[in-house]
Amino acid sequence: MVGRLLPFKKKRQVGPFTFIDHMGPAKLFEGSYLDVDQHPHIGLSTLTYLFEGEIEHRDSTGTVQVIRPGDVGFMTSGSGVTHTERTPAHLRNGKTSIMHGYQIWVALPKALEDMKPQFDFYGAADLPKWEENDLVITLVAGEGFGRKAPLRGYSPLFMVDVLAKKATHLYLKDQLKGEVAFVIVKGGITHEGETIEAGQMLISKTDEQCCIELQEGTQVLLFGGEPLEDEPLLLWNFVSAEKEKLQQAKADWQNKLFPKVPGDDTYIPFP
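Calculation criteria
Residues numbered from 1 in each chain as written. Predicted model: local features only at pLDDT ≥ 70, side-chain atom pairs only at ≥ 80, totals over all residues. Heavy atoms only, no water. Helix = DSSP H or I, 4+ residues; strand = E, 2+ residues; numbered from the N terminus. Pairing = 2+ DSSP bridges. Axes fitted to C-alpha atoms, helices over the stretch in contact; angles between N-to-C directions. Salt bridge = Lys/Arg side-chain N within 4 Å of Asp/Glu carboxyl O. Buried < 20%, exposed > 50% of the residue type's maximum accessible area, 1.4 Å probe, protein only. 1 Å grid on protein atoms, 1.4 Å probe; cavity = no way out; pocket = protein on both sides within 12 Å on 5 of 7 lines; lining within 4 Å. Points joined across faces, edges and corners; volume = space filled by probe spheres on them. Nonpolar A, V, L, I, M, F, W, Y, C, P; charged D, E, K, R; others polar. Polar contact = N/O pair within 3.5 Å; in protein donor to acceptor, adjacent residues only side chain to side chain. Contact = heavy atoms within 4.5 Å. Phe/Tyr/Trp six-rings, centres within 6.5 Å; stacked < 30°, edge-to-face > 60°.

1. With respect to unusual backbone geometry
Negative phi characterises most residues that are not glycine, and trans characterises most peptide bonds. Of note, the bond from Gly 24 into Pro 25 is cis; its omega dihedral lies within 30 degrees of zero at 0°. Of note, Pro 25 is situated in strand 2 (residues 17–28). A positive phi angle, close to 50°, is found at Asn 133, a residue other than glycine. Locating Asn 133 in the fold gives a position in the loop between strand 11 (129–132) and strand 12 (135–144). With a phi angle near 65°, Asp 134 is a residue other than glycine that sits in the positive phi range.

2. Brief notes about the sheet that holds strand 3 (residues 35–41)
Read across the open sheet, the four strands follow the order 3-8-5-6; overall the sheet is antiparallel. On the outer flanks of this sheet lie strand 3 and strand 6 (64–67), each paired with one strand and no other. Averaged over all pairs of adjacent strands, the angle between their axes in this sheet comes to 20°, without regard to strand direction. The pairing of strand 5 (residues 55–59) with strand 6 spans four bridges and is classified as antiparallel. Of the residues in strand 6, the one forming a bridge with Glu 56 is Val 66.

3. Considerations on the pattern of salt bridges
Using the criterion set out here, one finds 13 salt bridges in the structure. For Glu 54, the salt bridge is made with Arg 68, and the minimal N-O distance between the two is 3.5 Å. Of this pair, Glu 54 sits in the loop between strand 4 (44–52) and strand 5 while Arg 68 is found in the loop between strand 6 and strand 7 (72–76), placing the two residues 14 residues apart along the sequence. When its relative accessible area of 38% is taken as the criterion, Arg 68 is described as partly exposed. The residue Asp 264 makes a salt bridge to Arg 86 at a minimum N-O spacing of 3.3 Å. Of the two residues, Asp 264 is situated in the segment after helix 1 (243–254) and Arg 86 in strand 8 (residues 81–86); the sequence distance between them amounts to 178 residues. Neither residue differs from the other here; Asp 264 and Arg 86 are each classed as buried. Residues joined in a network through salt bridges with shared partners are Asp 35, Asp 37, Arg 86, Arg 92 and Asp 264.

4. Re empty space enclosed by the protein
What the rule picks out here adds up to one cavity of 30 Å³ or more. In this structure, the largest cavity encloses a volume near 30 Å³. Forming the boundary of the largest cavity are Thr 46, Thr 48, His 57, Ile 67, Gly 73, His 83, Glu 85, Gln 103 and Phe 119. Of all the secondary-structure elements, those providing two or more residues to the lining of the largest cavity are strand 4 and strand 8. Across the lining of the largest cavity, the residue classes tally to two nonpolar, six polar and one charged.

5. Some words on the side chain of His 83
With respect to the helices and strands, His 83 occurs in strand 8. A distance of 2.9 Å separates polar atoms of two side chains, one belonging to His 83 and the other to His 39. A polar side-chain atom of His 83 sits 3.1 Å from a polar atom in the side chain of His 41. Beyond its immediate chain neighbours, meaning those up to four positions away, His 83 contacts Asp 37, Gln 38, His 39, His 41, His 57, Arg 58, Asp 59, Met 75 and Val 261.

6. Looking at the pairing of strand 9 (residues 97–107)
Burial analysis of strand 9 places ten of its eleven residues in the buried class, which makes it a mostly covered element. Summarising the sheet, strand 4 and strand 9 pair through eight bridges and their orientation is antiparallel. Looking across to strand 9, one finds that Ser 45 is bridged to Val 106.

7. Side note on the packing of aromatic side chains
Applying the stated criterion to the full structure yields ten aromatic pairs. Considering the side-chain rings of Phe 19 and Trp 105, the 4.0 Å spacing of their centres and the 20° angle between planes classify their relative orientation as stacked. In this pair, Phe 19 is assigned in strand 2 and Trp 105 in strand 9, connecting sequence segments 86 residues apart. Across the pair, exposure class does not vary: Phe 19 and Trp 105 are buried alike.

Function-wise, these values are silent; they only describe arrangement.
Pasting the structure below:
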């Protein structure tokens, strides 16, 4: 099961983030491994962040990378890329494993939509991580809390993993800049007397000028930043500020003109 948290009718983007999928937690076993066949992207970067399980990423730039809990896989499609996502071979052993994480799309600024595709990887040990006010904080991407992550992205943004060791408050004033969304991974948060549980997402109406109350053991992902000057549009797996580019990408995929993942002949048709 995949829960799509963004976009929805009343909010299409949060900062440059334009798509959030929550994967699992799900049990994987013989006959039900993760196998996402070859599919295309333009105009965006995909960000993969896991809490449990492993994903083997392969793409048309020639990259082969296993992404594990706490790692960050960041594939920038630019003018066009294809990739697959699968359970690695060493986990296809008949034993049960758990998959839990997030697949996120970050729209590229219009001026960079046609950049050369590339893949960047940052291991869990490379990410800034610290404790303060009974919180364990990991800066996954961008800038926040006076720190900078190795993954900067292509426009002002942030993504932060926050775990509450005890019931406490999280104050964001002067810590982040721009629009802010909260994805509740586990536990719950309270705001103005209302408690919101795991699997839900909140968006601040006052951007970073807000404070939330976290229950003990609660884990949340914060993401957002400055909105892009040109509003990105979505068509299937494609993102662009120009409708014409979306239609051209559709035609190119249908005519099998995209670059291919080396050694992979799978193909997901345009829906």
